[in-house]
Amino acid sequence: MCPLRMQRDQIAGPLVLLLVCGFVASGTESSDYSEAEVLPDSFPSAPAEPLPEFLLEPEDAFIVKNRPVQLRCRASPATQIYFKCNGEWVNQNDHVTRESLDQLTGLVVREVDISVSRTQVEELFGLEDYWCQCVAWSSAGTTKSNRAYVRIAYLRKNFEQEPLGREVRLEQEVLLQCRPPEGMPAAEVDWLKNEDVIDPSQDSNFLITIDHDLIIKQARLSDTANYTCVARNVVARRRSSTATLIVYVDGGWTEWAKWSACGTECTHWRSRECQAPLPINGGKHCSGSMMESKNCTEGLCARNKKVSIEHASHPLSPGMGVAVYTGLVVALLLTVVMALGVGVLAYRRRCRHLHGDITDSSSALTAAFHPGNYKPPRQDNPLHPSAPPDLTATAGAFRGPLFSLPQGINDSPHKIPMTTSPLLDPLPSLKIKVYNSSTLSSLELPADMGVGDGEILSLKSVGTVGREREFHSHTLSREPGLSTSATLGHLGGRLTIPNTGVSLLVPPGTIPQGKFYEMYLIINKWDKTTLPSEGSQTVLSPVVSCGPSSMLLNRPVVLTLPHCAQLDTPTPDWTLTLKTQTHQGAWEEVLTVGEETLSSPCYLQLEEECCHVLMEQLGTYSLVGQSCPPRPACKRLQLALFAPRAPCLSLDYSLRIYCIHDTPHALKEVLDLERSLGGVLLEDPKPLFFKDSYHNLRLSIHDIPHNHWRSKLLAKYQEIPFYHIWSGSQRPLHCTFSLERASLAVSQLACKICVRQVEGEGQIFQLHTDIQETLPPHSPLPSGSTCLPSSQVGPYAFRLPDSIRQKICASLDAPSARGCDWRLLARSLGFDRYLNYFATKPSPTGVLLDLWEACHQGDADLVSLATALEEMGKSEVLVVMTTDGDC
């Protein structure tokens, strides 16, 4: 027998065995066979092993967010299987191999898995997508699988075309168009009719085209509804704006009724009704007359008509003429007297309007909450105009109108319509005089100078203080305690609305050198703004505007917003989205937390009770959220119990419970409202976790001493609907318990008030009060707090001195081989959720320090920052901080 020669050939990782065998003839061996023996033509041999056949080939896959994908292939017979990606062999250690035996064929079945990460796909350069394929070996040769492509999945936020509402006639064909956002993989589209998915297989009157348009073949009355286009893929689900379709029916006549009997005036008539069909949903009414009349005597009454006409044409007799003229004179005098009377009444009424008391407009509140001098509001009393904005923030005044704006039909002459123009539009020969109490100097602007220049965007007299500054508010209303403003320049500053948790940090260098802007920060009233929530979303923060929105920023500012999302659960229950409001009033998504990309314009740092937004475009912002299945999300609410402060002089007594967001701003809003109504907070607000469970909030009163008091509530409890609380569409929400005492001698009231979400958490108020006493104000706000707007300008607004800031940036901005640079600082401070945002900035360290300033504005000592630098081993920076700073 021949020896077995083995050759090991390592080709790109696989082990290939080449078997070579031959017969070696020798004289000795030849002599063993006699010449008479005849060799057979062929010898039996084992059947040849076939080429590998793939039982499972790798399939195309999409990377969702940062989750890697698994590719798998299976082949038989196979001695080896390896993956090749983009023309390069995958490392042998990255393969997971499993081997089994096919019971039918007895051949070896081999299966291999690999994992592909987002980083591997992003690092691929070139026009070709990332691909992988399997190569399997057997003794007969090799076989390659098909290529599997791995792509990063995404879904843009804006629809290329959204459906538009319209009105159509009954049985008219309707086309609602929808072009979903760009996505990978391409989005699938569903249509909703009043939130129910449309299935054309169940209703043949609907047709969804290959271009995702919805066709209603013949519009029915039942098709009057709200239609929404929903795009979805493996990444996200997007909803278009809702299109309202109204199917109307034009009215039609019935047949004419029979002619009536002939009347005394020789006519008869007949009628018809517009009921075939009735006009529906704004359809046109029938054209033509409902009644028809004609002569019923075949002309026999024509003579009488002619005689009467001739009679009337005769001239008046002299006596009758005098009577007629006398009557006309008397009627004219009566008209003049009545006109004078109406004028006097109108004048007196106008005077009462101008000099009447200004009262609160919350007429729905009970009388027990009104102060002693409270007067009911006049329903016809127009709003008193507020003073025009003082653009100089001094005691000066503008002479002459600066600009004029068109007004709508229903606009008050004191309202300024929404506009996207700068503060002052450039007009020919514009003159603005700014007067100062000390110098009385005036400043005239040349007509050829555009007020778009930064130096003229805001005018302010130097050295004039002591008066509350007013800022331009051409689109936003100013409310006491809900706004602040300051003139800021290159050194930056900080705007803070006290007791609300809302602030705006403007870092040094944000505003170009030599330019100054009158910047403002406003919390929008709920009843004067469109809320950003839609569908199952809920509003989690106040709607805040900062501006001017037209100013250009050299670096990001930091907007701090309080929120009421419960975040201390082990798993994420929220999908949080930052939204901004366009100049047209519509809301758009800015970013969703956890789905940031390099094109994201903002960075959101989320904390337990607030969030900090790094942004480079000022405007109106709010935070919204919705539950992230499978667990329902929770909102943090506060329950606040109020009673009348003044002694009760009647038998009736009322208690009011507010259900508000657990944010400083929400509580401040209710405290201000109750203060104006004569109400007082009885005890500190109680927290309540409100789940996204569609269960209402139930309020009930118990343990009333029935021998002295009775409740006017007919039911056992009151409920606030779940949607009113979850959507945040109604502010502030409250329930009133109206009680009646047996006599005026009863002064003590003791009872329990239970507030809980059905099948959820709750709180109990234990009430013991003397209603005849004047209750002292009970405020949960910190002592020494003030409602006046506050601002800090220049270096005083920042805890970190500029010299230390510059040295830290110089030490950490440059990348370090050991990784001891700004990235390690971000991880130490907890700002590393999306490092790519900071990597795109000229000074990543500077932006991190700005965010640190915003996060520690209440307790901004340098200990936390010094600790992070010490852990990084930056001793040279610590020396500087110890020398120049206050550690």
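Residues numbered from 1 in each chain as written. Predicted model: local features only at pLDDT ≥ 70, side-chain atom pairs only at ≥ 80, totals over all residues. Heavy atoms only, no water.

## Digging into the overall build of the chain
Move 1: For the chain, the helix and strand inventory stands at 12 helices and 48 strands.
Move 2: Within the chain, contacts between residues separated by at least 24 positions form 68% of all contacts whose residues are at least 6 apart in sequence.
Move 3: Roughly 49900 Å² of accessible area belongs to the chain as shown, and the carbon and sulfur atoms make up 55% of that amount. (Helix = DSSP H or I, 4+ residues; strand = E, 2+ residues; numbered from the N terminus. Contact = heavy atoms within 4.5 Å. Areas by Shrake-Rupley, 256 points an atom, 1.4 Å probe, with all protein chains shown as cover.)

## Side note on the packing of aromatic side chains
Move 1: One pass over the full model with this rule turns up 11 aromatic pairs.
Move 2: Seen from their ring centres, Y653 and W709 are 6.2 Å apart, and the 65° between their planes marks the pair as edge-to-face. Within this pair, whereas Y653 is found in strand β39 (residues 652-661), its partner W709 is found in strand β43 (residues 709-711), the two being separated by 56 residues in sequence.
Move 3: Under the relative-accessibility criterion, Y653 is labelled buried at 2%.
Move 4: In textbook terms, an aromatic cluster arises when at least three aromatic residues are bridged by ring pairs, as seen for W574, F690, Y694, F722 and W726.
Move 5: K686 extends its terminal NZ or CZ atom over the ring of F765, reaching a point 5.5 Å from the ring centre. (Phe/Tyr/Trp six-rings, centres within 6.5 Å; stacked < 30°, edge-to-face > 60°. Buried < 20%, exposed > 50% of the residue type's maximum accessible area, 1.4 Å probe, protein only. Lys NZ or Arg CZ within 6 Å of the ring centre and 35° of its normal.)

## A few points about the sheet that holds strand β5 (residues 69-76)
Move 1: Pairing is antiparallel in the open sheet, where four strands are placed in the order β3-β5-β9-β8. Of all strands in the sheet, those bounded by a partner on one side alone are β3 (53-56) and β8 (96-101). Neighbour-to-neighbour, the strand axes of this sheet turn through a mean angle of 25°, independent of strand direction. (Pairing = 2+ DSSP bridges. Axes fitted to C-alpha atoms, helices over the stretch in contact; angles between N-to-C directions.)

## Some words on the state of the cysteines
Move 1: If you walk through the whole model with that rule in mind, you get five disulfides.
Move 2: The residue that forms a disulfide with C73 is C134, at a sulfur-sulfur distance of 2.0 Å. Residues C73 and C134 are joined through a disulfide that is left-handed, its torsion about the S-S bond being -90°. Here C73, found in strand β5, pairs with C134, found in strand β10 (residues 130-138); they are 61 residues apart in sequence, far enough to count as distant. An identical accessibility class is assigned to C73 and C134; each is buried.
Move 3: Residue C178 pairs covalently with C229 via a disulfide, S to S 1.9 Å. An S-S torsion of about -70° defines the bridge between C178 and C229 as left-handed. On the criterion of sequence distance, the pair formed by C178 in the loop between β15 (174-176) and β16 (183-184) and C229 in strand β21 (residues 225-232) is long-range, its members being 51 residues apart.
Move 4: With relative accessibility at 0%, the residue C178 sits in the buried group. (Disulfide = S-S within 2.5 Å.)

## Describing the environment of A153
Move 1: Looking at where A153 falls in the secondary structure, it is placed in the loop between β12 (148-152) and β13 (154-155).
Move 2: A153 sits 32 residues away from P185 along the chain, and the two C-alpha atoms are 6.3 Å apart.
Move 3: Apart from residues no more than four positions distant in its own chain, A153 is found in contact with F62, I63, V64, M184, P185, V234 and V235.

## Brief notes about the packing of helix α8 (residues 822-829) against helix α11 (residues 863-872)
Move 1: It is at 10 Å that the axes of α8 and α11 come closest, and there the two elements cross at 130°. Looking at the two axes, α8 sits oblique to α11. Of the two possible hands of crossing, α8 and α11 adopt the one that is right-handed. Where α8 abuts α11, its residues L824, L825, S828 and L829 lie against L865, A868, L869, E871 and M872.
Move 2: Among the residues making up the contact of α8 with α11, the classes are represented as seven nonpolar, one polar and one charged. (Parallel < 35°, antiparallel > 145°, perpendicular 65-115°, else oblique. Left-handed = near helix turned anticlockwise from the far one by under 90°. Nonpolar A, V, L, I, M, F, W, Y, C, P; charged D, E, K, R; others polar.)

## Looking at a nonpolar patch on the surface
Move 1: On the surface, a nonpolar cluster with roughly 300 Å² of combined accessible area is contributed by L170, L221, L278 and I280.
Move 2: By the element assignment, L221 lies in the loop between β20 (214-216) and β21. (Patch = residues over 30% accessible without salt bridge, like charges linked within 9 Å, V, L, I, M, F, W, Y side chains within 5 Å. Salt bridge = Lys/Arg side-chain N within 4 Å of Asp/Glu carboxyl O.)

## Topic: the sheet that holds strand β47 (residues 762-770)
Move 1: A sheet is described by the order of its strands in space; here four strands give the open sequence β44-β42-β46-β47, paired in antiparallel fashion. Looking at strand neighbours, the two that pair on one side only are β44 (718-720) and β47, the edges of this open sheet. Averaged over all adjacent pairs, the angle separating strand axes in this sheet is 20°, with direction ignored.
Move 2: As defined by bridge partners, strand β42 (residues 697-702) adjoins β44 across three bridges and the pair is classed as antiparallel. Note that in β44 the partner of L699 across the bridge is Q718.

## Here we look at the pattern of salt bridges
Move 1: Under the counting rule described, the total for this entry stands at 34 salt bridges.
Move 2: For R232, the salt bridge is made with D190, and the minimal N-O distance between the two is 2.8 Å. Of the two residues, R232 sits in strand β21 while D190 sits in strand β17 (residues 188-193), which places them 42 residues apart along the sequence.
Move 3: Via salt bridges that share partners, R72, R74, R98, E111 and D113 belong to a single interconnected network.

## Re the confidence of the model for the chain
Move 1: Across the chain, pLDDT averages 76, with 72% of residues at or above 70.
Move 2: Between residues 1-37, whose pLDDT stays under 50, and residues either more than four places distant or in other chains, the model counts 26 contacts. (pLDDT = per-residue confidence, 0-100.)

## Side note on unusual backbone geometry
Move 1: Here S76 and P77 are connected by a cis peptide whose omega angle stands at -10°.
Move 2: For P77, the position within the fold is in the loop between β5 and β6 (80-85).
Move 3: With an omega of 0°, the peptide bond between A276 and P277 qualifies as cis.
Move 4: Inspection of the secondary structure puts P277 in the loop between β24 (267-271) and β25 (291-295).

## Some words on the nonpolar core
Soluble globular proteins: nonpolar side chains tend toward being buried together.
Move 1: If you look at the biggest cluster of nonpolar residues, it comprises 71 residues, and the most contacted ones within it are L504, M519, L521, L655 and I753.
Move 2: Every residue in contact with M519, bar those within four places of it in the chain, is listed here: T484, S485, A486, L488, L495, L504, V506, I511, G547, P548, M551 and L618.
Move 3: If you look at the next biggest cluster of nonpolar residues, it comprises 33 residues, including I808, L825, A854 and L869. (Core = buried A, V, L, I, M, F, W, Y, C linked by side-chain atoms within 4.5 Å.)

## Thoughts on the environment of P508
Move 1: As for its position among the elements, P508 is in the loop between β28 (502-506) and β29 (517-523).
Move 2: In this structure P508 comes out as partly exposed when scored by relative accessible area, which is 24%.
Move 3: Taking the C-alpha atoms as reference, P508 lies 9.3 Å from F798; in sequence the two are 290 residues apart.
Move 4: Among residues more than four places away in sequence, those in contact with P508 are H490, L491, G492, R555 and F798.

## What about α11?
Move 1: Taken together, the buried positions of α11 are L865, A866, A868, L869 and M872. Down the axis of α11, the sector holding all buried residues measures 160°, keeping them to one side. Away from its buried face, by an angle of more than 90 degrees, α11 presents the exposed residues E870 and E871.
Move 2: Phi turns positive, to about 80°, at G873, one or two residues after α11. (Arc of directions from axis to C-beta.)

## Remarks on the environment of V543
Move 1: Position of V543 among the secondary structure elements: in the loop between β30 (538-539) and β31 (544-547).
Move 2: When its relative accessible area of 1% is taken as the criterion, V543 is described as buried.
Move 3: As a C-alpha pair, V543 and I522 span 21 residues in sequence and 8.5 Å in three-dimensional space.
Move 4: Residues in contact with V543, not counting those within four places in the same chain, are I522, I523, N524, W526, T529, P532, W587, T620, Y621 and S622.

## Observations concerning the side chain of T592
Move 1: The topology assignment puts T592 in strand β34 (residues 587-592).
Move 2: For T592, a relative accessible area of 5% corresponds to the buried category.
Move 3: Setting aside anything within four residues of it in sequence, one finds T592 in contact with K157, T575, L576 and T577.

## Regarding the side chain of K635
Move 1: Among the secondary structure elements, K635 is positioned in strand β38 (residues 634-644).
Move 2: Side-chain polar atoms of K635 contact the side chain of T538, separated by 2.8 Å.
Move 3: Ignoring sequence-local partners within four residues, the contact set of K635 consists of T538, V539, L540, C564, W574, H661, L688, F689, F690, I725 and W726. (Polar contact = N/O pair within 3.5 Å; in protein donor to acceptor, adjacent residues only side chain to side chain.)

## Notes on the pairing of strand β45 (residues 733-741)
Move 1: Summarising the sheet, β39 and β45 pair through eight bridges and their orientation is antiparallel. Along β45, the bridge assignment pairs I657 with C735.
Move 2: In this structure, β43 lies alongside β45, joined through three bridges in antiparallel fashion. Residue pairing for β45: W709 is matched across the bridge by R741.

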